[in-house]
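# Understanding the architecture of this molecule
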Amino acid sequence: MLAHLLTISLSVWYTWRMATIKTESDSFFAAVYACVRAIPRGKVASYGAVAAMAGKPRAARAVGWALHVNPDPDGIPCYRVVNRAGRLSSAFAFGGINVQRALLERDGVGFDANGNVRREYFWWGD
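In this text, all values refer to a predicted model and were calculated from it rather than measured experimentally.

Conventions we followed
Residues numbered from 1 in each chain as written. Predicted model: local features only at pLDDT ≥ 70, side-chain atom pairs only at ≥ 80, totals over all residues. Heavy atoms only, no water. Salt bridge = Lys/Arg side-chain N within 4 Å of Asp/Glu carboxyl O. Helix = DSSP H or I, 4+ residues; strand = E, 2+ residues; numbered from the N terminus. Buried < 20%, exposed > 50% of the residue type's maximum accessible area, 1.4 Å probe, protein only. Core = buried A, V, L, I, M, F, W, Y, C linked by side-chain atoms within 4.5 Å. Contact = heavy atoms within 4.5 Å. Arc of directions from axis to C-beta.

### Describing the pattern of salt bridges
Summed over the entire model, instances satisfying the criterion amount to four salt bridges. Here Arg101 makes a salt bridge to Glu105, at a shortest N to O gap of 2.9 Å. Within this pair, Arg101 and its partner Glu105 are both found in helix α4 (residues 97-107), separated by four residues, close to a single helical turn. Classification of Glu105 as partly exposed rests on a relative accessible area of 41%. In this structure, Arg118 engages Glu120 in a salt bridge whose closest nitrogen and oxygen atoms are separated by 2.7 Å.

Next comes the structure, spelled out in structure tokens:
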């Protein structure tokens, strides 16, 4: 009897927790997409900067995941997000580094000799 009650309690808790996590991630992803939409043409932001602007400064990897599942690639310019050193993503979401670079160059973003975005093109949400 006790084991059965514990199983039911655990099941209810698990269902509630999964719903909470989904709601939290949906809310965070929505914040990430809003931040990425706000990056001006000709600028980039790092995954960490987007995470901080979205309210979770230690969630840079989660920003990457949110961009990986971008529901609106035409409306959410995820190609404007780079790593903290200005390196481009090798992820297939953009079609690779060359496509991301071409999109950024079209926006007016400049690169250094190593192929990284130059620091003056970083946007910090100001």
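### A closer look at the nonpolar core
Core analysis: the biggest nonpolar cluster contains 19 residues, and Phe28, Val32, Val36, Val50, Val63 and Leu67 have the highest contact counts within it. Mapped by element, the contributors of at least two residues to this core are α1 (2-38), α2 (47-53) and α3 (60-68). In terms of residue count, α1 provides more of this core than any other element does, six residues in total. What Val50 contacts, discounting residues up to four positions off in sequence, is Val32, Cys35, Val36, Ala45, Val63 and Val81.

### As for α4
Within α4, the full set of buried residues consists of Gln100, Leu104 and Asp107. In a view along the axis of α4, the buried residues occupy a sector of 50 degrees, so they form one face of it. Of the exposed residues in α4, the ones pointing more than 90 degrees away from its buried face are Asn98 and Arg106. Where α4 is buried, its residues touch β2 (81-82). Looking one or two places after α4, you find Gly108, whose phi comes out positive at around 100 degrees.

Any link to function would need more than the numbers given here.
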